[in-house]
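Summary of the model geometry
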Amino acid sequence: MERLRDSSRIGPCPPCPLMVKASCYCQAYSTVLRCAQRNFSCGKSCGRVLPCSHLCPLPCHPGECPPCPKQKEQACRCGRLISTRSCSDREYSCGEICNLPFSCGNHRCEQICHSGPCGECPLSGPRRCHCGNGKYNDLSCDQPTPSCGGTCGKKLECGNHNCVSRCHKGECPKCYMIVQMRCRCRKSVKKSLPCHQEYICEKKCQKTRDCGRHACNRKCCAGDCPICPETCGKKLKCGNHVCEARCHAGKCEECPREAEVTCYCSLTKIKVACGQFRTTPAPPCSLPCPVPPTCHHPSRLPHTCHYGECPKCEQICGVGRETCEHKCGEKCHDPLPQIPPTSKKKRVTFDKYRPPTPHPLSKVQCAPCPVPVTRFCHGFHNEFTVECRTEREITCENQCGNPLPCGNHCCTLKCHRITQNRFPEIKETIKGWNPDLVSTPLKDGQLKLTPIEYLPRTRKIVDDIQNQLVLESSPRLPDSCERCLLTCNRPHARCSHRCPLPCHPGNCPPCKRYVLRKCYCLSHVELGFVCDVITDPQAPLESLLSCNQTCSRPLDGCSHPCPLLCHPGPCSVTCLQLETIYCPCKRIKLRWECRKVQQVKRDKGLEGKQMALVECDSTCAKVREEMLKKQKEAEVEAEKKKKLEEETARSLNVHSKKKRKKISYEKDISPGPSLWSQHKRWATPLLVVFLML
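Residues numbered from 1 in each chain as written. Predicted model: local features only at pLDDT ≥ 70, side-chain atom pairs only at ≥ 80, totals over all residues. Heavy atoms only, no water.

Let's shift gears to the overall build of the protein chain. Along its length, the protein chain carries 7 helices and 18 strands. The contacts of the protein chain with a sequence gap of at least 6 include a subset with a gap of at least 24, amounting to 28%. (Helix = DSSP H or I, 4+ residues; strand = E, 2+ residues; numbered from the N terminus. Contact = heavy atoms within 4.5 Å.)

Moving on, we get to the packing of aromatic side chains. The final tally for this structure, using the stated rule, is 2 aromatic pairs. Between tyrosine 29 and phenylalanine 40, the ring centres sit 6.2 Å apart and the planes meet at 90 degrees, which makes this aromatic pair edge-to-face. In this pair, tyrosine 29 sits in the loop between strand 1 (19-23) and strand 2 (30-34) while phenylalanine 40 sits in the loop between strand 2 and strand 3 (71-75), placing the two residues 11 residues apart along the sequence. According to the relative accessible area criterion, phenylalanine 40 is buried, its value standing at 16%. Arranged with centres 5.6 Å apart and planes meeting at 70 degrees, the rings of tyrosine 264 and tyrosine 307 form a pair that is edge-to-face. Separated by 43 residues along the polypeptide, tyrosine 264 in the loop between strand 9 (258-262) and strand 10 (269-273) and tyrosine 307 in the loop between strand 10 and strand 11 (372-376) bring together distant segments of the chain. Classification of tyrosine 307 by relative accessible area gives partly exposed; the value is 21%. Sitting over the face of the ring of tryptophan 592, lysine 596 holds its NZ or CZ atom 4.3 Å from the ring centroid. (Phe/Tyr/Trp six-rings, centres within 6.5 Å; stacked < 30°, edge-to-face > 60°. Buried < 20%, exposed > 50% of the residue type's maximum accessible area, 1.4 Å probe, protein only. Lys NZ or Arg CZ within 6 Å of the ring centre and 35° of its normal.)

Moving on, we get to empty space enclosed by the protein. As enumerated under the stated definition, the model contains 1 cavity of 30 Å³ or more in all. Considering only enclosed or pocket space, the largest cavity measures out at about 50 Å³ in volume. Together, Ala634, Glu637, Ala638, Lys641, Trp676, Thr684 and Leu687 line the largest cavity. Those elements that place two or more of their residues in the lining of the largest cavity are helix 6 (618-662) and helix 7 (675-692). Sort the elements by how many residues they give to the lining of the largest cavity and helix 6 lands first, with 4 residues. Its residues assigned to classes, the lining of the largest cavity shows 4 nonpolar, 1 polar and 2 charged. (1 Å grid on protein atoms, 1.4 Å probe; cavity = no way out; pocket = protein on both sides within 12 Å on 5 of 7 lines; lining within 4 Å. Points joined across faces, edges and corners; volume = space filled by probe spheres on them. Nonpolar A, V, L, I, M, F, W, Y, C, P; charged D, E, K, R; others polar.)

On to the pattern of salt bridges, then. Taken as a whole and judged by the stated rule, the model has 10 salt bridges. Salt-bridge contacts for glutamate 202 lead to lysine 219; the nearest nitrogen and oxygen are separated by 2.8 Å. Of this pair, glutamate 202 sits in the loop between strand 8 (191-194) and strand 9 while lysine 219 sits in the loop between strand 8 and strand 9, placing them 17 residues apart in sequence. For the salt bridge of arginine 494 with aspartate 532, the shortest nitrogen-to-oxygen distance reads 2.1 Å. Pair noted here: arginine 494 is in the loop between strand 14 (469-471) and strand 15 (514-518) and aspartate 532 is in helix 3 (residues 531-534), with a separation of 38 residues, a long-range link. (Salt bridge = Lys/Arg side-chain N within 4 Å of Asp/Glu carboxyl O.)

Moving on to unusual backbone geometry. The phi dihedral of asparagine 99 is positive, around 65 degrees, even though this residue is not glycine. By the element assignment, asparagine 99 lies in the loop between strand 4 (82-86) and strand 5 (127-128). When its relative accessible area of 41% is taken as the criterion, asparagine 99 is described as partly exposed. Of note, the phi angle at asparagine 489 is positive, near 60 degrees, even though the residue is not glycine. Mapped onto the secondary structure, asparagine 489 falls in the loop between strand 14 and strand 15.

Before going further, it helps to examine helix 5 (residues 594-604). Where helix 5 is concerned, the buried positions are Cys594, Val597, Gln598, Val600 and Lys601. Seen end-on, helix 5 carries its buried residues on one side only, within an arc spanning 160 degrees. Buried positions along helix 5 lie against strand 17 (578-582) and strand 18 (589-593). Glycine 605 sits one or two positions beyond helix 5 and adopts a positive phi of about 70 degrees. (Arc of directions from axis to C-beta.)

Quick look at the environment of threonine 619 now. With respect to the helices and strands, the residue threonine 619 is situated in helix 6. A relative accessible area of 37% means that threonine 619 is categorised as partly exposed. Here the alpha-carbon distance between threonine 619 and isoleucine 588, two residues 31 residues apart in the chain, equals 9.9 Å.

In this section: the nonpolar core. Within the largest apolar cluster, 19 residues are counted, with the highest numbers of intra-cluster contacts made by Cys519, Cys521 and Leu555. Going through the elements one at a time, strand 16 (526-530) and helix 3 are the ones with two or more residues in this core. Residues Ile581, Cys583, Trp592 and Val614 belong to the second largest nonpolar core, which totals 10 residues. (Core = buried A, V, L, I, M, F, W, Y, C linked by side-chain atoms within 4.5 Å.)

A few words on the state of the cysteines. Inspection of every chain in the model, using the stated rule, returns 0 disulfides. Not engaged in a disulfide, the cysteine cysteine 205 finds its nearest cysteine sulfur in cysteine 225; these two sulfurs lie 3.9 Å apart. Judged by relative accessible area, cysteine 205 falls into the buried class, the value being 7%. (Disulfide = S-S within 2.5 Å.)

Our next topic: the environment of phenylalanine 384. For phenylalanine 384, the location among the structural elements is in strand 12 (residues 383-387). When its relative accessible area of 25% is taken as the criterion, phenylalanine 384 is described as partly exposed. Each C-alpha atom, one on phenylalanine 384 and one on valine 373, is 8.0 Å from the other, the two residues being 11 residues apart in sequence. Excluding residues within four positions of it along the chain, phenylalanine 384 makes contact with Val373, Thr374, Arg375, Cys377, Ile394 and Cys396.

So, about the confidence of the model for the protein chain. Fine structural detail should not be taken from predicted coordinates in areas where pLDDT scores are low. Scored by pLDDT, the protein chain comes out at a mean of 76, with 84% of its residues at no less than 70. Across the protein chain, the element-wise mean pLDDT spans from 29 in strand 13 (residues 449-451) up to 87 in strand 7 (residues 178-181). The low-confidence segment residues 425-475 (pLDDT under 50) makes 89 contacts with residues lying over four places distant or belonging to another chain. Segment residues 657-670 is flagged for pLDDT under 50; beyond a separation of four residues in sequence, or across chains, it makes 6 contacts in the model. (pLDDT = per-residue confidence, 0-100.)

Glancing now at the side chain of histidine 416. Within the element layout of this structure, histidine 416 appears in the loop between strand 12 and helix 2 (424-429). Those residues in contact with histidine 416, other than ones at most four positions away along the chain, are His378, Gly379, Cys400, Cys411, Ser480 and Cys481.

So, about the pairing of strand 12. Where strand 11 and strand 12 come together, 5 bridges link them in antiparallel fashion. If you follow arginine 375 over to strand 12, its bridge partner there is phenylalanine 384. Between strand 11 and strand 12, which pair antiparallel and follow one another directly, the connecting turn spans 6 residues, one of which, phenylalanine 380, has a positive phi of 55 degrees. (Pairing = 2+ DSSP bridges.)

Right, let's get into the side chain of histidine 306. Here histidine 306 is to be found in the loop between strand 10 and strand 11. On the basis of relative accessibility, which here comes to 18%, the residue histidine 306 falls in the buried class. Within the local environment of histidine 306, its side chain forms a polar contact with the side chain of histidine 303, the two groups lying 3.3 Å apart. Among residues more than four places away in sequence, those in contact with histidine 306 are Tyr264, Cys289 and Pro311. (Polar contact = N/O pair within 3.5 Å; in protein donor to acceptor, adjacent residues only side chain to side chain.)

Relative to the assigned elements, cysteine 511 resides in the loop between strand 14 and strand 15. Taking the C-alpha atoms as reference, cysteine 511 lies 8.4 Å from arginine 498; in sequence the two are 13 residues apart. Residues in contact with cysteine 511, not counting those within four places in the same chain, are His492, Cys495, His497, Val530, Cys531 and Asp532.

Written out as structure tokens, the structure is:
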């Protein structure tokens, strides 16, 4: 599942693609197939042996073979009837009584057609009497079974008493035992009657039947009142007929008589039950709706016949606007006429419909034109996709950007109408640009505008030429952009600092700013230089950026500092400083060079781990055992001292209590805690260490 989730696979798993050795259903042909296709049929005859010793004639198939379809003559179980039957139906019964005599010669077999011998006579051998209590061993099959003369004792039909008659043949009589019993409704007093007789009182049931209208009135009703046999007689929903069904609860069914239901145009009709006339919907009619349009369109969208109001017109309005050349592209928005409401139950058809007057085309009022058009701001910075109904003059939030006469800076005012255009790309893209053309002032201080065919700056062709206007600039008009009062602010050639001089033409002088640089060893020392000196490509940076102090960077592979002076590049000097190496128990102490320590760690794979590089010897093991032994002895000695102190303290406490009982005004003179109990927490470890040494 994880692999399927990683591969973004959706749905069930694909079939198994592995190749396995497979055999056909009849096991006669083997081959190598994909695991998902390992069950196949070779197409040849199955050939398996059927129970009747014939071969299966079907082609290679899955599962067990069907019964043999061949026909042959076969005898029934008793052998009297011989008929042509299916080969698989080898044992069948003719349905007749066997009637063969038993070995006794007095009786015949009464079993239905069977195979094998009939067996012994069922009346031969030991037999029991009718009640099952007596047993007779010396009776012949032609002698009747005698009665034992005792009480029968079998359970009677009531299930409560036993038969008191003498041993008899056949079924036992009814139970005549006198018992106290109640009636079925349990409302009368008990009465003594024979056990087989049912007690029915004369009280009538007052419960209502399932209809909820009539009483039961049955004698001695046990609560299972019968169904009401009366006729309903209620008026049906159709209002024309009465319910003739058996009396029932709830609403009556619909009237079974027929009525005619038509569609709106009355050309499609169906017959329904009289009671379903008001609830049955109108039959579906495939004919077009005959209602004329109520808007300015000449016709409605085609739809089928229906009751009620027609759907709102979904056609495009298409009415031309006076302010632009675009047509209204919204859906039909004509006001809907006031149509008197009609009831679906009355089913007012089209022949009684009075159509309203269509809406005139001259009174159609469309919304302002929302068609998107492309327009540019005053400074030709951005192309805006706006609705046609908006104003043609657009101001963006960008700066003007028109180059100032100084040639170094651009106008920083907000996008405004440009009178002196100095955009070189606009001059190249505007078709028919003439710098000598003078714009003529118009009314209200406006300037003459002419259409263009190309998009400034982005070189994109403008499709709508008629709606795009651009100002023709002229050097004779006053400049609308700001006056340049800024510094030069141009970046120097060899650094990122900008020129701080007032705006000037030509190249800027070398940068004289004072800058700080860190040395190669990245110490806290910062070196100061003139920007022009440090950025000179021929300057000796290796000597300039060196602090001439010991390099403080750690060497490669260890934490010792580099012994060389401040230098560029990595610190690759071999570390020769000595390190103290201990064994795990800290007894063995050696002094190795740092390079040897790092080499041993690399060989043992212990880089970056704090582990002992020297193993303990046999002496370390002996010292460890002596330390453990002394520690155990110290613990035993401390435990003895603790018990002695507790006993001493206990005896002192008892003595002080007795003394207080005699003299109540005396102060408690029990001694305080001993010096050992006060300092045993830190003195015990010191004692153990002292004993170990």
